[in-house]
Amino acid sequence: MTHAAAPNRRRWLIEAGVSALVALPAAQAVTPWPQRPVQLVVAYPPGGVSDEVARLLAERLAGRLGVAVVVRHRPGASGTLAFEHLSRAPADGHTLLWSAITPLTVLPLMMRLGFDPTRDVVPVMAVMATPLLLLATPALAAHDLPSALQQARQIPGGLRWASSGRGTTGHLVLAHTRQASGAPIVHIPYKGGGQQINDALGGQFHLLSSNLAPQQLAHVRQGRLRALALGAPERSSTLPGVPTLAELGLPQANLWSTFGLFAPAGTPADRLNALNRAAQAVLGEPTVQSRLRAIDNRPLGGSAQALALRIQQERVAAEALWGLGGLHETG
C-alpha cells in the first residue's frame, strides 16, 4: 500500500464507523415492540375499584398494543412494594404499574423506601381522579362534620378517624383537617379497605375517609354509614347533597386521589411515548369513559409531564404539612 493510499483508507474506515454509529439508533428504533405480554402491576389487592379499573385498562391496552396485558397484584406497604418491584423490572416497555401517586409524594416522608421515587420510576399518564368520601359510623352522634369537630373535645380520647393506611390520601385529609380545626383527632390506619369497612359498620371508630366506591355508597344508601363530606373539585352527582370539604371551610383538606400508569426509569422514550398514546386512546373510548364515571371517577389523561407536575405539586404540599408537624404521629 502506498503512503497516499493509507490516508484514504483511514478516512474510509472513519466514515464507515461514523455511518454505523449514526445508523445504530435507527436500527434500535425499529426493533419490534412489544415482543411479549406486558405486565400491569397493581399496587393494591384484588377486588375494589382500583382492581376493576386495572382490569379494564389491561383489556383495552391489549387491543391497542397487540399483545396480552397481564394483571399482577403486588400489594403492601401502602403501594410502595409495587413501586419497588417496578424499579427493579427491565426498562424495556414490557412492565407498567397502576397506582395512586401517594407512594411517590407522601410516603417518602414517612418511611424508608426500597427505591428512589425521583429516579427509579417515570410517569406514563394520569388516568383518573377519585373523590374521597368522609363517612360517619354509628359511633358518631354529630350529624355533620363541623358539629363533629366542635364536639371532639368532649369525646374521651378525641375523634377516632380511620383511613386505609399511613401516607394515603385519606390520611392527608385527616391531617389537614386536624391542622386547620385544632380538634383532637386520633388516626386509626388500616392496611387496605376490607377490615376497615367491617369495623366502621361496628362503630369501632367515629369517622372513616375512603375513596368513593360502590361498596361505601351501598352502606350509605342503606343508612348504615352517613356521608359527611367529599374531597373533590365539585359535588358528586351520586351524592348531590354531600358538601365538599372546601365548602365546609377546609380547602387544604379538599383532596382526591390521582391514579396513573408508571414505568421503570430508563425505558426508551419511543416506547414511553407509544404507551402514552395507547393509554390516551383507551381513555378516550366512550365505554371506558362511561365506566369510570359510573363509579364517580374523573378521567384525566394528558402527557407524562402533566402527571409529573401533579406529583410535584402533591409532594410540595405534603412536605409543607410535614414541616408543620401535621403528619407526625404514632397512631
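Scroll up to find the structure this text is about.
What counts and how
Residues numbered from 1 in each chain as written. Predicted model: local features only at pLDDT ≥ 70, side-chain atom pairs only at ≥ 80, totals over all residues. Heavy atoms only, no water. Pairing = 2+ DSSP bridges. Helix = DSSP H or I, 4+ residues; strand = E, 2+ residues; numbered from the N terminus. Axes fitted to C-alpha atoms, helices over the stretch in contact; angles between N-to-C directions. Contact = heavy atoms within 4.5 Å. Buried < 20%, exposed > 50% of the residue type's maximum accessible area, 1.4 Å probe, protein only. Polar contact = N/O pair within 3.5 Å; in protein donor to acceptor, adjacent residues only side chain to side chain. Phe/Tyr/Trp six-rings, centres within 6.5 Å; stacked < 30°, edge-to-face > 60°. Salt bridge = Lys/Arg side-chain N within 4 Å of Asp/Glu carboxyl O.

1. Remarks on the sheet that holds strand 8 (residues 207-211)
Pairing in this open sheet of 5 strands is mixed, and the strands run 7-6-8-5-9 from one edge to the other. In this open sheet, the two edge strands, each paired with only one partner strand, are strand 7 (185-189) and strand 9 (226-231). Taking the axes of each pair of neighbouring strands and ignoring which way they run, one obtains an average angle of 25° across the sheet. Relative to strand 8, strand 5 (residues 132-136) runs antiparallel, the two sharing 5 bridges. By the bridge assignment, L135 is partnered in strand 8 with L208. Contacts from helix 9 (residues 214-221) reach strand 5, strand 8 and strand 9, with the element oriented near 35° to strand 5.

2. Considerations on the pairing of strand 4 (residues 121-130)
It is a general feature of regular strands that their side chains alternate between the two faces of the sheet. Counting buried positions along strand 4 gives 8 out of 10 residues, so the element sits mostly inside the fold. The pairing of strand 4 with strand 10 (residues 257-264) spans 8 bridges and is classified as antiparallel. Residue pairing in the sheet places T130 in a bridge with S257 of strand 10. Examined bridge by bridge, strand 4 and strand 11 (residues 298-299) share 2 bridges and lie antiparallel to one another. Looking at strand 11, one finds that A129 is bridged to R298.

3. Observations regarding the side chain of H94
Assignment of secondary structure puts H94 in the loop between helix 3 (80-87) and strand 3 (95-100). What makes H94 buried here is its relative accessible area of 3%. A distance of 2.9 Å separates a polar side-chain atom of H94 from the backbone nitrogen of Q35. Look past the residues within four positions of H94 in its chain and what remains in contact with it is W33, P34, Q35, R36, P37, V38 and Q39.

4. As for the packing of aromatic side chains
In this structure the tally under the stated criterion is 5 aromatic pairs. Geometrically, the ring pair formed by Y44 and F259 is edge-to-face, given 6.1 Å between the ring centres and 65° between the ring planes. Residue Y44 is found in the loop between strand 1 (38-42) and helix 2 (49-65), and its partner F259 is found in strand 10; the two are separated by 215 residues along the sequence. Pair check on accessibility: Y44 and F259 agree, each one buried. Taking the centre distance of 5.7 Å and the plane angle of 15° together, the rings of F83 and F115 count as stacked. Of this pair, F83 sits in helix 3 while F115 sits in the loop between helix 5 (107-110) and strand 4, placing them 32 residues apart in sequence. For the residue pair F83 and F115, the accessibility class agrees, reading buried in each case. Cluster of aromatic residues (ring-pair linked, three or more members): Y44, W98 and F259.

5. Observations regarding unusual backbone geometry
For the bond from W33 to P34, the omega torsion is -5°, close enough to zero to count as cis. Its place among the elements puts P34 in the loop between helix 1 (5-29) and strand 1. A positive phi angle is found at A77, which is not glycine, with a value near 50°. Of note, the phi angle at D296 is positive, near 65°, even though the residue is not glycine. Among the secondary structure elements, D296 is positioned in the loop between helix 11 (286-294) and strand 11. Judged by its relative accessible area of 11%, D296 is buried.

6. Regarding the pattern of salt bridges
What the rule picks out here adds up to 9 salt bridges. Its salt-bridge partner being E285, residue R60 comes within 2.9 Å of it at the nearest N-O pair. With a gap of 225 residues between them, R60 in helix 2 and E285 in the loop between helix 10 (269-283) and helix 11 connect regions that are remote in the sequence. One exposure class covers both R60 and E285, and it is buried. Of the charged contacts in the structure, one is a salt bridge between R235 and E247, with a shortest N-O distance of 2.9 Å. Here R235 is found in the loop between strand 9 and strand 10, whereas its partner E247 is found in the loop between strand 9 and strand 10, with 12 residues between them in sequence. Judged by its relative accessible area of 46%, E247 is partly exposed.

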